[in-house]
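As a plain string of letters, each chain reads:
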Amino acid sequence: MKSATYYDDLENLPDLENFVDNSDEIYYNKRTANNYILYDFITRNYWDEKKAEFSGNVVYDNFYRVVSKVVYDAQSKKLISGIKKLYMNVTPLLGQKYITINFNNTGEVESYIDNRFTFPEYYTKENFENKNEEKGPVSQEYYKDLKNIIPNNPAFPFADFNSRTIFYATEPGKESQITGLMVDSKIKIAAEEYIVIHFLDSETVLEDYMKMISTSDLYFYNIENTGNTIETDFFGMKIHAHFSIDLTSRTIVCQIINSVEKDVSFRK
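All figures in this text were calculated on a predicted structure; none of them were measured in a lab.

The next subject is the side chain of E25. Relative to the elements of secondary structure, E25 occurs in strand 2 (residues 25-33). Here E25 occupies a buried position and makes no salt bridge, while the nearest side chain of opposite charge, K2, is found at 4.1 Å. Here the side chain of E25 touches Y27 through a polar contact of 2.9 Å, side chain to side chain.

Right, dumping it as structure tokens:
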């Protein structure tokens, strides 16, 4: 198992032969960009600890998950390989599902590893992209090359979530549950196995919030409690709507504002 040390305040490494740290990997020059955390790093030769074998750059999100990593030969500075990871959830508390994109020494996509299921599935570039053509975030250009190792959309800000199990009725006599994440009574997220629901506070603008996270989820925003009624706007599945929920009678009125699909209706 490799050892690693992080030096947040070092912009450049000193002479490695006289450097007191003998870790296998040394990370330094910490900075931030687009709300992501960046480090430079070197990896030492197993047989000669005083020399750097590889160097590179790594990008983390605010939960210190690797977003992208580029590895070079320390002496020639030639590209060895690179990876990018696409996470399905804004926080590890909601699960560790992700897709790894592997790049070769010319900076081109070589293969994919799909970790969204019970066992990782390996795909060649052609097989994966044919299977997922025009589907989901893997079609975004950021994941197609190594020209930019920092995503265009800003990272979701770090949040110390509290986790809570929420039970709800699906039909008379039956109950289901979702996991709710809450922080400072501002951001609330509820997740089932395949869907994430975001409840935004009144100060959060939907468009700004969506820049930080996947657009495949469901969002409730402009939420207002008027006593016996909750009014809220909704966006998800390419549908904009407004809900009025009577807390006394449990009556739900849904007004479809805009939808790409025709004849959309809400089933109570």
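Most of strand 7 (residues 98-103) is tucked away: 6 of the 6 residues are buried. Neither face of strand 7 is exposed, since Y98, T100 and N102 on one face and I99, I101 and F103 on the opposite face are all buried. With 6 bridges connecting them, strand 6 (residues 79-87) and strand 7 associate as antiparallel partners. Residue pairing in the sheet places Y87 in a bridge with Y98 of strand 7. Pairing between strand 7 and strand 8 (residues 109-114): 5 bridges, direction antiparallel. The residue of strand 8 that forms the bridge with T100 is I113. Taking the residues between adjacent antiparallel strands as the criterion, strand 7 and strand 8 are bridged by 5 residues, where G107 takes a positive phi near 80 degrees.

Its place among the elements puts D184 in the loop between strand 11 (174-183) and strand 12 (187-191). C-alpha separation for the pair D184 and D160, spaced 24 residues apart in sequence, amounts to 8.8 Å.

Time to look at the environment of Y6. Relative to the helices and strands, Y6 resides in strand 1 (residues 4-7). Taking C-alpha positions, Y6 is 5.9 Å from Y28, a pair spaced 22 residues apart along the chain. With sequence-adjacent residues up to four places away left out, Y6 is seen in contact with Y27, Y39 and Y60. A polar contact of 2.7 Å, which involves the side chain of Y6, links it to the side chain of Y60.

Taken together, the 9 strands give an open sheet; going across it, the order is 1-2-3-4-5-6-7-8-9, and neighbouring strands pair in mixed fashion. At either margin of the open sheet sits one strand with a lone partner, and together these are strand 1 and strand 9 (121-124). Neighbour to neighbour, the strand axes of the sheet diverge by 20 degrees on average, direction disregarded. In terms of strand pairing, strand 1 meets strand 2 through 4 bridges, oriented parallel.

This next bit is on the side chain of T91. Following the sequence through the fold, T91 ends up in the loop between strand 6 and strand 7. The buried category is assigned to T91, whose relative accessible area is 1%. Discounting chain neighbours no more than four positions away, the residues touching T91 are F63, R65, F161 and L181.

All right, on to unusual backbone geometry then. We note that N35 has phi near 75 degrees; this positive angle belongs to a residue other than glycine. You can see N35 is positioned in the loop between strand 2 and strand 3 (36-44). The phi angle at R250 is positive, at roughly 65 degrees, despite the residue not being glycine.

This part takes up the pattern of salt bridges. All chains considered together, the criterion is met by 6 salt bridges. Close ionic contact of D114 with R116 constitutes a salt bridge, the shortest N to O distance being 2.6 Å. With a relative accessible area of 25%, R116 lands in the partly exposed category. For K125, the salt bridge is made with E129, and the minimal N-O distance between the two is 3.2 Å. With a gap of 4 residues between them, K125 and E129 both fall in helix 1 (residues 125-131), about one helical turn apart. With a relative accessible area of 27%, K125 lands in the partly exposed category. Three or more residues are tied together by salt bridges with common partners; here these are K125, E129 and K144.

Thresholds applied
- Residues numbered from 1 in each chain as written.
- Predicted model: local features only at pLDDT ≥ 70, side-chain atom pairs only at ≥ 80, totals over all residues.
- Heavy atoms only, no water.
- Helix = DSSP H or I, 4+ residues; strand = E, 2+ residues; numbered from the N terminus.
- Buried < 20%, exposed > 50% of the residue type's maximum accessible area, 1.4 Å probe, protein only.
- Lys, Arg positive; Asp, Glu negative; His and termini not counted.
- Salt bridge = Lys/Arg side-chain N within 4 Å of Asp/Glu carboxyl O.
- Polar contact = N/O pair within 3.5 Å; in protein donor to acceptor, adjacent residues only side chain to side chain.
- Pairing = 2+ DSSP bridges.
- Contact = heavy atoms within 4.5 Å.
- Axes fitted to C-alpha atoms, helices over the stretch in contact; angles between N-to-C directions.

These values are about where atoms sit, not about what they do.
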